[in-house]
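Each chain, letter by letter, is given below.
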Amino acid sequence: MALVILASLLLSASAAQTQGSFNLLSYNVAGLPELLSSGNPAVNTPLISPKLKPYNVIHVQEDFNFHAALYASDTHAFRTPTSGGAAIGSGLNTLSDFPYIDFERTKWNDCNLNEGDCLTPKGFTFMRVRVADGVWVDFYNLHTDAGSEAGDITARASNFAQVSSYIQKWSPGMPVVVMGDTNSRYTRAGDSESLHTILNMNGLSDAWVTNVRGGSFPASGAAALVCDFPFAAGTTQAQMVACEVVDKVLTRSSPAITFQKTTFTNENNAFVNSTGAPLSDHYPVSSVITWSLSSSIRLADPVGGPHGSPFNDIPAVLSGNAVPQTTTITLRGGNRLDAISYAVKYPNGTTSTVTHGGTGGMPSTLTLNSGERVTQVQACSGKFNDSTRVFFLSLLTDQGRTLQAGKTTSDCSTAMVPTDAGAGGAQWGLAAFWGRQGDEIDRVGAIWGVAS
Ligand SMILES: *[C@@H]1O[C@H](CO)[C@@H](O)[C@H](O)[C@H]1NC(C)=O
Ligand SMILES: *[C@@H]1O[C@H](CO)[C@@H](O)[C@H](O)[C@H]1NC(C)=O
Ligand SMILES: *[C@@H]1O[C@H](CO)[C@@H](O)[C@H](O)[C@H]1NC(C)=O
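Conventions adopted
Residues numbered from 1 in each chain as written. Chains lettered and ligands numbered in written order. Predicted model: local features only at pLDDT ≥ 70, side-chain atom pairs only at ≥ 80, totals over all residues. Heavy atoms only, no water. Salt bridge = Lys/Arg side-chain N within 4 Å of Asp/Glu carboxyl O. Helix = DSSP H or I, 4+ residues; strand = E, 2+ residues; numbered from the N terminus. Buried < 20%, exposed > 50% of the residue type's maximum accessible area, 1.4 Å probe, protein only. Core = buried A, V, L, I, M, F, W, Y, C linked by side-chain atoms within 4.5 Å. Domains from an automatic or database assignment. Pairing = 2+ DSSP bridges. Axes fitted to C-alpha atoms, helices over the stretch in contact; angles between N-to-C directions. Near = heavy atom within 4 Å. Polar contact = N/O pair within 3.5 Å; in protein donor to acceptor, adjacent residues only side chain to side chain. Areas by Shrake-Rupley, 256 points an atom, 1.4 Å probe, with all protein chains shown as cover. Phe/Tyr/Trp six-rings, centres within 6.5 Å; stacked < 30°, edge-to-face > 60°. Lys NZ or Arg CZ within 6 Å of the ring centre and 35° of its normal.

Colleague: So what about the pattern of salt bridges? Which residues, and what values?
Modeller: Enumeration according to the criterion identifies 17 salt bridges in this entry. The closest approach of N and O atoms between D301 and R130, which form a salt bridge, is 2.9 Å. Linking D301 in the loop between strand 14 (297-299) and strand 15 (303-304) with R130 in strand 6 (residues 123-132), this pair joins segments that are 171 residues apart in sequence. Given a relative accessible area of 33%, D301 falls into the partly exposed group. Judged by relative accessible area, R130 falls into the partly exposed class, the value being 23%. For the salt bridge of E440 with R389, the shortest nitrogen-to-oxygen distance reads 2.9 Å. In this pair, E440 is assigned in the loop between strand 25 (428-437) and strand 26 (441-450) and R389 in strand 22 (residues 387-397), connecting sequence segments 51 residues apart.

Right, here's the structure in full:
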């Protein structure tokens, strides 16, 4: 019996899932106090809650004073704690079937006084979601400044620029989903330019424009494509998405994870009361993302804590999917892991060295033989000075050699080289790292690669 179980475990390990899909929902739930709300949240929020179940990752906005009711009949395993009611919180929350790390709330630098934008700390949130083995996606939920006066359009341009610079710091090499209430339309001059800027600066695509409009953007300054509210009974899905909503889904792939298709659906029919009226003054929008994993670059789960600055070696080391040979690796450590450094050589002979962390600890170096690959990475984390850091890293090669630094703890995990076929039938090995760093290593994960 034990042998049968072991055999089936081995089988499932070798049949790595390299494609799949997940679905998203973005919904402004109009949860302001009754007097300020444009909806009827006391009655409607309890009706919204049980309807959230079918969606894997949900971004809500204006989740202020009826937050407990929103979560009450929901069963998502991973949900952000509220940041407070109106005047205190941002109204942004995420409900997810998948675990996440590195959650942060950021307040906008600019707001325009009308529409109550400056009365509560509106902004955006960031989190790194583990959708499946190897499928880590950076999620941004946002609610930009409201209104259509010049001051609002200027504040929104600033809001978008603020998200863009965060994406550029946090998400190099990562797939991204930006989903929320943009208060913006491509048809509105000023907003159109801001939307195009965030798309172009970050390589994002708008799921509505791609799917519904065949890639053709509404022109800036054109007549608004306003949706009827509510939709008349019998309105078809095609009619519901022909108009433009300010609730948008923007996505991009990464070298490790390709979003092959990203749909766009108006979920009005799923969020109405028993007489068919919408449960908020915004329509909910959903998207199904179909993904596939690269057969030459793959993320392993990271170990460590939410401190230090982010790093991801994909853009610098693996750009253009050119996976080099690793030639030497140096780890610095003492009581913890201080630094990681490695040298690579490309097929054209170019060499390059990458270093993360600080200068503490003692170095130890492994020079890899020709064709030798690191196939196992063990990391341990622990608390130091109230923050979680990487205490230990151990690398094992296919020739049975190891390199290690730091001290083990009781909290360790081991990442193994992928078991599905590498590009061109070649073998997987350690190619780079991702994580967070300061004067030590705060978080570290392997990036597996198939050398070209
Ligand atoms: C549904 O919502 C509409 C609009 O808020 C309201 O007029 C109607 O009474 C609601 N229906 C029920 C059964 O509560
Ligand atoms: C060699 O290849 C790497 C990876 O494609 C590239 O970044 C580098 O510029 C190339 N060097 C030369 C001298 O062509
Ligand atoms: C511990 O953390 C505090 C606050 O971040 C910092 O000021 C202090 O220098 C740290 N101590 C050590 C030993 O790193």
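So much for the structure itself; the text now carries on.
Colleague: Break down the nonpolar core for me, citing the residues and quoting the values.
Modeller: Across soluble globular proteins, nonpolar side chains show a tendency to be buried alongside one another. Core analysis: the biggest nonpolar cluster contains 94 residues, and F22, Y140 and L393 have the highest contact counts within it. In terms of domain composition, this core takes at least three residues from each of domain 1 (19-293) and domain 2 (297-449).

Colleague: Could you give me a rundown of the sheet that holds strand 22, with the residues and numbers involved?
Modeller: Across the sheet, which stays open at both edges, the four strands sit in the order 23-22-21-24 with antiparallel pairing between neighbours. Across the chains shown, the open sheet's two edge strands, defined by having one partner strand only, are strand 23 (402-406) and strand 24 (412-416). On average, each strand axis in the sheet is inclined to that of its neighbour by 20°, with strand direction left out of account.

Colleague: Which residues make up the site of ligand 1, and what values go with them?
Modeller: The full set of residues close to ligand 1 is N273, S274, T275 and A277. Within the contact set of ligand 1, an oxygen atom lies 2.3 Å away from a side-chain nitrogen or oxygen of N273. T275 is positioned with one of its side-chain polar atoms (N or O) 2.7 Å from a nitrogen atom of ligand 1. Against a free-state accessible area of 360 Å², the protein chains account for coverage of 41% of ligand 1.

Colleague: Mind laying out the packing of aromatic side chains, listing which residues take part and the relevant values?
Modeller: Counted by the stated rule, this structure contains 17 aromatic pairs. Measuring from centroid to centroid gives 5.5 Å for F126 and Y166, while their planes differ by 55°, and the two rings are tilted. In this pair, F126 sits in strand 6 while Y166 sits in helix 4 (residues 150-170), placing the two residues 40 residues apart along the sequence. For the residue pair F126 and Y166, the accessibility class agrees, reading buried in each case. Ring plane angle 15° and centroid distance 5.9 Å describe the contact between Y166 and W170, whose orientation is recorded as stacked. With Y166 and W170 both in helix 4 and four residues apart, this pair spans about one turn of that helix. Its relative accessible area of 5% is what places W170 among the buried residues. Three or more aromatic residues joined by ring pairs make a cluster, and in this case those are W108, F124, F126, Y140, Y166 and W170. Directly above the ring of F384 sits R336, whose terminal nitrogen or CZ lies 3.6 Å from the centroid.

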